[in-house]
Every structure is written in C-alpha cells, then in structure tokens.
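Okay, here's what each chain looks like letter by letter:
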Amino acid sequence: MSGLDGLYQELILDHSKARDGFGLAAEEGAHATSHQKNPICGDEITLRVRVDGDVIRDVTWEGAGCSISQASASMLTGLADGLTRDAASSLIGHFREVLRSRGQLELDEDEFGDAAALSGVSKFTARVKCAMLAWVALEDALARA
Amino acid sequence: MSGLDGLYQELILDHSKARDGFGLAAEEGAHATSHQKNPICGDEITLRVRVDGDVIRDVTWEGAGCSISQASASMLTGLADGLTRDAASSLIGHFREVLRSRGQLELDEDEFGDAAALSGVSKFTARVKCAMLAWVALEDALARA
Amino acid sequence: MTSPGFDPLRVRADFPLLDQQVNGYPLVYLDSGATSQKPRQVLDAETDFLTRTNAAVHRGAHTLAAEATELFEDARHTVAAFVGADEETLVWTHGATEGLNLVAYGIGNASAGRGGAASAALALRAGDEIVVTESEHHANLIPWQELAARTGARLRHIPVHDDGTLDLDAAATVIGERTRILAFPHVSNVLGIVNPVAELVALARGVGALTVLDACQSAPQVPLDLPALGVDLAVFSGHKMLGPYGIGGLYGRREVLEALPPFLTGGSMITTVTLDAADYLPPPHRFEAGTQPVSQAVGLAAAVRYLDGLGMPAVHAHEKLLERRMREGLRPLPGIRMLGDATDAERVALVAFEVEGVHAHDVGQVLDSRGIAVRVGHHCAQPLHRRFGLTASVRASASVYNTLDDVDAFVDAVAGVRDYFGVTV
Amino acid sequence: MTSPGFDPLRVRADFPLLDQQVNGYPLVYLDSGATSQKPRQVLDAETDFLTRTNAAVHRGAHTLAAEATELFEDARHTVAAFVGADEETLVWTHGATEGLNLVAYGIGNASAGRGGAASAALALRAGDEIVVTESEHHANLIPWQELAARTGARLRHIPVHDDGTLDLDAAATVIGERTRILAFPHVSNVLGIVNPVAELVALARGVGALTVLDACQSAPQVPLDLPALGVDLAVFSGHKMLGPYGIGGLYGRREVLEALPPFLTGGSMITTVTLDAADYLPPPHRFEAGTQPVSQAVGLAAAVRYLDGLGMPAVHAHEKLLERRMREGLRPLPGIRMLGDATDAERVALVAFEVEGVHAHDVGQVLDSRGIAVRVGHHCAQPLHRRFGLTASVRASASVYNTLDDVDAFVDAVAGVRDYFGVTV
Ligand SMILES: Cc1ncc(COP(=O)(O)O)c(C=O)c1O
Ligand SMILES: Cc1ncc(COP(=O)(O)O)c(C=O)c1O
C-alpha cells in the first residue's frame, strides 16, 4: 500500500479526525459564507470567515466528506487565520497549481505547513476536487466579503 | 454491365417509356385512389381503379419516379385489369414475396406476364421499394374501395 | 435457451481489457453497473463493419449503402428478439437517458398539441399525476420533473422500505385515478433488487396509466421478455450489456409508439417536408432522426449474440452466485451496512454499502490500491441515498466475466478498510 | 498549419475500407457528404481505449475511471481546438441533428419558463420570428418548425438564387426587428457553396438575433475558427469528418450556453437532486446527461488529429482541386444540370446534379455497377429540390482520400448514362 500511504499520510488522517475549525461560528461582524459541493460524490462544505479590515479571522466550517476533504479543511483553518486577502489568494492559487500538476510539483512546507502533506493528492486526479473543496469555498467567501 | 442488364431488361426500359395507364381517369363510378410515396427518394404515385362488382377495371396512375417504378406501374396496369379482388391480392402477395427474396425466387411468366421481367430487381435490395410502389398503391386502393 | 452454465475464466479471456495489472495487482473490475467491458466479438463486429461495409443507411442506393442498411436492420431484429420484441417495436436511441427523455418529451409534445388527434390521449393536464419510485436513477426522475413543470402535472413517488423493497401498500394508494404515467426501474442501480413488475403494471393498468420501465440494470443479467412483462415502454443501454457506448433501445407497444409524437426531428424520419411543415414516418423510424449510430447498432447486436451464446438463464444463475457470495462475504464484517439487504428478494449481482466511519471515497481508494475497481458516490440516485441517511456509498457490481475469486478479493479488501483508517467503533 | 499538400494515395492507404472491389470494379467512394470513411488511426484509438482504459467517466474514483476521464476531457480539448474554441464552450452531442434539437428544445424550455430569469432573454413569444434558408438540411429546418409550432413564433426563410447563392438582398428584408434566431448552413449539403457567414452574422447582430450555424459540411473540409466567425452556436457531426458515428459537437458562446436551460436531463448534469427538483451544472456538463459516447469522443479526437496532421489548409486545397475537376468534367456533358453552379463561389468538394431524362436512382445504379458510390435522392433537402423543380438529384462528394482518378472515373461513368437509357434529347 505504498501508493496509498503516499496519499493518506499520518498528518492527513489525524486532521481528518481532529477537524480544526469544525462547527460554524455565529454570523456576526464582517463575515462571509460559502457553500460548495462536489457533484460527483455529493460532498459538501459550508465555510465562514470574518474579515477584519484586510485580515482573515475565525475560519470555521461544517460539512461531510471524505478524509481528504475533511483534513484539507482542517489544515486550511489554521493556515488562513491572520492572512491578508492578497496573501490568501496567492496561497490558494499556488495550492491549485500544485494539486493540478499530476505529481509534478510539491507543496512547500514553509508556505503550507501541515497542508504540505496534501502534495500526494496531486497524483490522484480523481481526488483533487476533494482536497480543493475548502479552498474553493474560502476563495468564494472572500470574493463575497 | 451484366449485373446492370439483369436489372434493366429491355422490357423494363420499354415500359418505363410507354407508361401504360399513365394519366389519371376522372373520378366516376365506384373507384378508389391511393397515393404512395417512397420517402428515401421522394418518388410518388397516385393510382386509381374502378371496381366493378368484384372485378378491377380501368387502372390509371400518375407520378414521377425511376425507370423501375414507372415500368412496374405500367406493367401492373395491364395485368390488374379484369382481375377479381382476391386474385389481385394473391398476385400482390406473391409479387412481394419474390421481390423480397434477394434473388432466391423468380416471378412466373404465366402469372406475371411482362412484369416477370422485374424478377431481377429482387437482387437489388435498395430498389425493391421502387418496384413495389404501384403494387402497394393498388393494394391500398382496393382496401379503400 | 437453457444452458449448463459457462466457465467465467473462458469468458474472461474474451475481454482484452481485463488482462492488466492496476497498482501492482491484477485488475478486479466490479464496476459493470456503471459500464461493462466489451468482448473481442463486439469490437471485431464494429471494426469489420467499419472496414468493409460502412456507408450511410436508409439513404443511399449504392452497393455498400444497401449492405449497410441490411446489417443495420438485421441488428435491430437481433436486439429486439433479445428482449422478446418485434423489430417494429424497437427504436434505436443513444442510451437509456435519451430513451427516457424521448418518452417524456414526446408526451410533452403531445401535451402541447403536437401529433394531432392521434396523440391527444397521451397529453397531460394540470392535476394529472406522474408516479416514480424513491429508488430512481436521476435519468428516470429528472425528465419527469421537467415534464411535470412544463405541463402542470404533479410528480409523486412510491417509497422504499428499509430492506430495499418497494412499499407496495403505499404504491396502491399513490397510484390512483389521477395517475397518467408510472415510471420505475426493473432493478435499481443501488439496491439490485428485481422489482415486482407484474404487481406494478396491474396497479397502473387499473387506472389506465402508461407504464415506463427502466431496464438498464436488468437487461445485462435477467432474461427479458418485455411484451410479456406488459409494460408500455422500456429502455436499456448498450454499454451496460457488453455493447458499445452511444447505442440503446426503446421498446414500445405498437399502439403507444404510434400515438407518440416525434422527439428529435431532422433527416430520415419524414415523408414530405416543405419549408412550413413536415409529415412523419411511422415508428420506429419516426423516432430516429439524423444519422444513426450504425456501427454501434451492429456492435450491440454482437453483444446480445454473445450473451445469447452464454444463455441468459446461465448468465442470470452466474450473477446470482456472485451476488450471494458478495452479500455473504460482507454481512459478517463489522461496521458494514448494505443498502436494501432484504434477504428473500430476487437480485442481480450488485451491492451498495456503507463502511461506518469511513467515507465511500476513502473505501474506494483502498480497494483501488489493491486493483479492485468499484464505484463510490451517489450513483446518480441522490434521493435514495438521502432516504438511507447517506450522501455516498460504495457499490460493487459484477458481470459475466467476474469470478468467485474476484468477489473474494473484494471482500478481503473491504475487511481491511476500517483498520487502515483506524476506525474501531 | 500551412502544408505543402499531401499525397492522396498515401492517405487512401490509411482507410482499409477503400481497398475493395464493388461489382468487379475498384471502389470509388464519392458519398463522403453522407458519411465519411474512417482511417486506421481512428479505429485504433477507439480499440485502444476500449481494450485498455475503458471505464465510466466523471463518475468513478478508481484508476481506470480517472484515466478514462482524462482521455475524455483531453478529447474535448483537442476537438474544441480544432474548431478554434475553448473546451468549456464545446458540448458533446451524438451528432449535428441532436445538437440542433438541443438548441431548439433549450429555447423551447426557456420559452416555457424553465431556467428562470437567466434564460428569460432566450424565450420566444408569439409574433417572434425564426429565419432559416431555403437550402436547409431537414435537421436545421424541422426542429425550428416544431419550436415555432410550440411557441407561436413564425418561421421564415431566405431564398436561394438560381446559381445556388443565397439571396442576400432578400435576407436583409427577411431579417428584421422580429427576428430572434437565424439558423443557416455554413455549406449546404446539396449546393456545396460556402455561405457568407460574416454578412449573415452582421444582419442578425443588427437586430439582436441569435445565430446558429450548421457546420456539418464545412468541418471536414474548411479550416474553422468558430469564435472568429462570430456565430453564437454551431454544430458538427463526427461521422462526416473521419470520426465515429454517434458523436458530434455543439459549440456555443459562453454567455449563450450559460443562459440556455438544459435539454436532456438525467445523470452527471446535476449538483443537487431531490425527489421534487434538480439543480443543474454549468456548461458544458449541463448539456451532457447520462453516459456519454466516451470511446467515440476519443475516436473523434483521433480524427481531428489526423486532419490536423494533413493540415486543414492542405485539405481544403485538395478538395478544391477535386471540386473543380468534377464540375469541369460534368459541365460539357449534354443533358447535365448542376444544382447551384455559381462560377465564382467558394466551395467544398460536393456536386449535386440532374441527368435530364434519367431518374437519379437510375443514374446511381449505373454508377454503382462501375463501383462508383454516389448518393441519389433528396439528400434531406426536399424544399431545395422543389425550388429547383426536382424531387431527387445525384450527389458526388469527395474527401481527403479521393484522387483525381476517382473523379475522372465518375465523370466517365456519368457520360455514359444517357446512352444506356437511350435518352438522346
Ligand atoms: C437504473 C439506471 N437507469 C438509467 C441509467 C442511465 O443510463 P445511461 O447513462 O446509459 O443513459 C443507468 C446507468 O447509469 C441506470 O443504472
Ligand atoms: C448540412 C447538414 N446538416 C445536418 C446534417 C445532419 O447530420 P447528422 O445526420 O450527422 O445528425 C447533415 C448530414 O446528414 C448535413 O449534411
């Protein structure tokens, strides 16, 4: 199961259980919410952020999905907190690029922290959407905020 | 052009020009008319008969079509005149059977007269509809008479 | 038609795709409910046609065109016979989805006054009801939703019991005087249970409703005699029954097809066309506008000849064997819930299940790492998954080329899934 | 993309079907306007896919399914690029007829209030007008007749001059404030003349009408850049451009596809489905309900790669050569009338003609006896034939694999026809 272990790294399985940020915060202050769905498997996520001036605060989310999508949302939660809009949008862009690279690119640990463990997903094209779900929700929420 | 000559026998080419019965009779007495169409080539025929008691009289027709369809209508004109309904319907049934036989069966000269020359058509499946057109019209007209 | 059975390993040898390794393991293909693999015989039939006889059918008079037309119509005869039908009652479609849309749009056109007096009996009015089941594939649900929205008809449904069988008591209440159409699957693509067609047809007949059978999942596995089943209309897809993509069949009772206005319009379905209006051919050609999937029809004929060669009763027996092995293998495993596990139902070789604590995608991934191809997701049946409290499940579905070893490898892999993800509850 | 040209004999060697005798003569296939033959490369691409990668696309997560999905979407990219389009603007259809019906029914659904506010701009009302040409193939005529009948819109047409060109003066009058849709062929399948797209699009744009281009006969022969042509929607068929049956494309401008409600409904075109209602995906998937013709998409991609390998400018040049030889060969023959013989028009390699005194069927039969396959009949264009006072004509149409020798054999056979039937006038 070496290919499999490349996908399901320890960190991913841990995050998929810990689910940082799980449980939507109440809607108060300057916040924005996005609902995203993967039509193939029916997985859904609702993600909410508060935007304090130009800075992202309090990322929370709710939703059901596979371990990859849950871990990815959990990892994004800590990573996004405190970023400016610009920094977040460049982070998302970079994440997308690597995940679509079919194993050609790697996520940098300095930039992505725990989420760097998601590099392996890019070799599993059918799972890229799972890993992207929360990130697309953040992108969409920021566009609405 | 031996295959071709098997199709276009002298008699057929003659009939396709002579066109016995061409020109629809006026509608009078106990008559019946049928309009038939070959949707593939757009060929059409309108055929009219007078039915005198149980006996077919005055077969006339009009229409445009290929030499096979015109010759076949011309040949049928003489053949049908004077037949009883039953005799006509058995003639038509027999004609259909031979034409659909893909060259396995032959039209009997005693029964079919000049029309026996149409035997060759049965080997050309795409042309069977052309030869049948007038006969289907007669069948339909009798059903309406 | 009776057969002493067949050797699945010999059958397997006819399917070139199956002879490969996936992720270092021999491929175990258990996704035939989505699309089946195709035997050499089908590929060869298509290639032969395309390299020898290919030409436009029903349109040309030259030698190739005449030969192609014959092969095309022979294919219709062969496929019609496979489902017990006359060739004039078999319409070629591009698949079951198109077949169901053809019926729904045809009725919609009748409701809009098209087709004249002959079609008036099929027209729907506000207040009329269309009945489906809770187990519908989206293909046999959304076309009816859209038809209801366009005509003002109401869409109702027959619920499914916890064990996966249809609630026939509820059916008897839901189907009533206002019911004009009853559409249901012969076999649901999630539950795998053969539905009681006779009972449902009797209920529909009692109120004069039209019956539409989705035979997608039964056609590859159950000997079919559609006229004997008594349904008015039925659809199936070639690619699920060893045939090519892009070809399927719509069976219809003669009177029903005759009353139905056309759906797709264009070439080869007309008699006379002016710039203002067109007259239409009788069935089946009325429903076959434009260039047909000719080589695919020839391929599908080869597929049903292949199935007939095995013998459909033998195929059905083989599938039952696989199905029992699957269910008996899964049942003792901790944390496995099969969807619709009614014990005495007649079934095809298809099982959908949940692994508690592990998402279906993750289950599928573990199986894939051992070369086992199953389907994960909602299988185009979201309402049914919702009814079982799920958004997704894992589905294993077998065909003639699967062996008991395939099933055992699958069960063995499923047994290890919860451990892999450290789920113990 | 410029090419020094190609050797049609080498090309011909790629088409196994062409290497046969018909009625004792080498086959001269001049019926490509009806359906083209397919090169080895296309057959191999499909067989490779079906024997190695075949699995359900956009539905599975296992290895084969992921690979199949990639090949399927790569094919979309390749075919879209061939017509100058982005992949998101290319919808797979089963052929041009389905594509035109998709557009007509989509607009019909918008007119019935489906698709909500986003689609309202596409809705037709009584008094609105749809404009086609007198040269339409039935596939680009009857769907509009039916749409007009369902919505109360009026169908009008642009007439054709004796020389086969469109009457642009009349077009400027027919297309007016009430015109909502202008549908026309890039190249008529009877006249072979490339219509002035820019002029027609300008007229339609001037009144805010939607333009729908039937590119069936141009796609195989003319380098295409659909976005540059400025049309809103366009259709083509794979089987006419060296590809498989049962696959085609609908190109649409992004905004137009986004506004269009779905046509066929079912699996794989939805986001959320309840028993009562469904939400739909954005284009192109919104229009691709049910299992798609996957291997055929892969085959069509191979076909356009084959054409691109020859170079479309070179293909076009080759076809022009054949076309000129045909017309120059036929013109001096006594009793031959070509349909739409405008001398300075741009054309594809397709000529329809009448042999005075001999019915088209009989002409076709004589040609067939010499191994020459042409089409006879109305070619699904009855109104155009009526306009020229005919019910049927003979049509010769060439493709990349035809040679000047093929054309000469054809002309020679036509020259003998009137003699054979003893027509001298
Ligand atoms: C029960 C059922 N109905 C309908 C369909 C739709 O068939 P297709 O996608 O071939 O049109 C399927 C398969 O996806 C099915 O399993
Ligand atoms: C100009 C034109 N439009 C439409 C069609 C219809 O194409 P298809 O039959 O492939 O749907 C054809 C071919 O028959 C054609 O030549």
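Provided above is the structure to which this section pertains.
Below or above, wherever it landed, is the structure these notes cover.

How each quantity is defined
Residues numbered from 1 in each chain as written. Chains lettered and ligands numbered in written order. Predicted model: local features only at pLDDT ≥ 70, side-chain atom pairs only at ≥ 80, totals over all residues. Heavy atoms only, no water. Contact = heavy atoms within 4.5 Å. Salt bridge = Lys/Arg side-chain N within 4 Å of Asp/Glu carboxyl O. Helix = DSSP H or I, 4+ residues; strand = E, 2+ residues; numbered from the N terminus. Nonpolar A, V, L, I, M, F, W, Y, C, P; charged D, E, K, R; others polar. Pairing = 2+ DSSP bridges. Axes fitted to C-alpha atoms, helices over the stretch in contact; angles between N-to-C directions. Core = buried A, V, L, I, M, F, W, Y, C linked by side-chain atoms within 4.5 Å. Buried < 20%, exposed > 50% of the residue type's maximum accessible area, 1.4 Å probe, protein only. Least-squares fit on C-alpha atoms with pLDDT ≥ 70 in both. Buried area = accessible area lost by both parts, 1.4 Å probe. Polar contact = N/O pair within 3.5 Å; in protein donor to acceptor, adjacent residues only side chain to side chain. Near = heavy atom within 4 Å. Areas by Shrake-Rupley, 256 points an atom, 1.4 Å probe, with all protein chains shown as cover.

1. Regarding the interface of chain C and chain D
Logical step 1: Opposite the 89 residues of chain C that make contact, chain D presents 89 residues.
Logical step 2: Summed over the shared surface of chain C and chain D, the result is two salt bridges.
Logical step 3: For D:Arg114, the salt bridge goes to C:Glu146, with nearest N and O atoms at 2.8 Å.
Logical step 4: The element that contributes the greatest number of residues to the side of chain C that touches chain D is helix α2 (residues 40–53) of chain C, accounting for seven residues.
Logical step 5: Looking at the side of chain C that touches chain D residue by residue, the classes come out as 39 nonpolar, 37 polar and 13 charged.

2. Digging into the sheet that holds strand β13 (residues 336–338) of chain D
Residue and element names in this part refer to chain D.
Logical step 1: Spatially, β13-β14-β17-β16 is the arrangement adopted by the four strands of the open sheet, whose pairing is antiparallel. Every interior strand has two partners, whereas the edge strands, β13 and β16 (375–377), have only one. Geometrically, the sheet is characterised by an average inter-axis angle of 30° between neighbouring strands, direction not taken into account.
Logical step 2: One ladder, built from four bridges, connects strand β14 (residues 350–355) with strand β17 (residues 393–397); its direction is antiparallel. Directly across from valine 351, in β17, lies its bridge partner alanine 396.

3. Examining the nonpolar core
Logical step 1: Among the nonpolar cores identified, the biggest contains 162 residues, and C:Trp92, C:Val400, D:Trp92 and D:Val400 are the most heavily contacted of them.
Logical step 2: If near-sequence neighbours (up to four positions away) are discounted, C:Trp92 is found in contact with C:Phe72, C:Ala75, C:Arg76, C:Val79, C:Ile247, C:Gly248, C:Glu288, C:Gln292, C:Ala297 and C:Leu300.
Logical step 3: Ranked by size, the runner-up nonpolar core spans 84 residues in total, among them D:Leu102, D:Leu147, D:Ala153 and D:Leu250.

4. Some details on the relation of the copies chain C and chain D
Logical step 1: Between the two copies, chain C and chain D, the superposition gives an RMSD of 0.0 Å; the rotation angle is 180° and the shift along the axis is 0.0 Å. Taken together, these values place the two copies in the relation of a two-fold axis. In terms of proximity to the rotation axis, the leading residue of chain C is C:Gly246, whose C-alpha is 3.0 Å off the axis.
Logical step 2: A share of 100% of interface residues in chain C that are also interface residues in chain D marks the association as one of identical surfaces.

5. A closer look at helix α13 (residues 360–369) of chain C
All names here are of chain C.
Logical step 1: Burial analysis of α13 places ten of its ten residues in the buried class, the great majority of the element.
Logical step 2: Of the positions making up α13, those classed as buried are Ala360, His361, Asp362, Val363, Gly364, Gln365, Val366, Leu367, Asp368 and Ser369.
Logical step 3: Once α13 finishes, glycine 371 follows within two positions and takes phi at roughly 80°, a positive value.

6. What about the interface of chain D and chain B?
Logical step 1: Listed as interface residues are 14 residues of chain D and, on the opposing side, 20 residues of chain B.
Logical step 2: Both faces combined, the contact of chain D with chain B buries some 1500 Å², and carbon together with sulfur accounts for 55% of it.
Logical step 3: Looking only at chain D, the three residues that lose the most surface to chain B are D:His361, D:Gln365 and D:Tyr420, adding up to 41% of its buried area.
Logical step 4: At the boundary of chain D with chain B, the tally comes to one salt bridge.
Logical step 5: Where B:Arg127 meets D:Asp362, a salt bridge forms, and the shortest distance between an N and an O atom there is 3.0 Å.
Logical step 6: Taken together, the connections running from chain D to chain B amount to eight residue pairs in polar contact (both at pLDDT 80 or more).
Logical step 7: Counting residues per element, the side of chain D that touches chain B draws most heavily on helix α13 (residues 360–369) of chain D, which supplies five residues.

7. Quick notes on the site of ligand 2
Logical step 1: Around ligand 2 there are 14 residues in total, and C:Thr291, D:Thr97, D:Asp214, D:Ser237 and D:Lys240 lie nearest to it.
Logical step 2: Surrounding ligand 2 are residues belonging to chains C and D, so the site spans chains.
Logical step 3: At 3.0 Å from an oxygen atom of ligand 2 is found a side-chain nitrogen or oxygen belonging to D:His137.
Logical step 4: Between ligand 2 and the protein, one listed contact pairs an oxygen atom with a side-chain N or O atom of D:Lys240 at 2.8 Å.
Logical step 5: Within the complex, 98% of the 390 Å² of free accessible area of ligand 2 lies under protein.

Remember that the coordinates give geometry; whether it matters functionally is a separate question.
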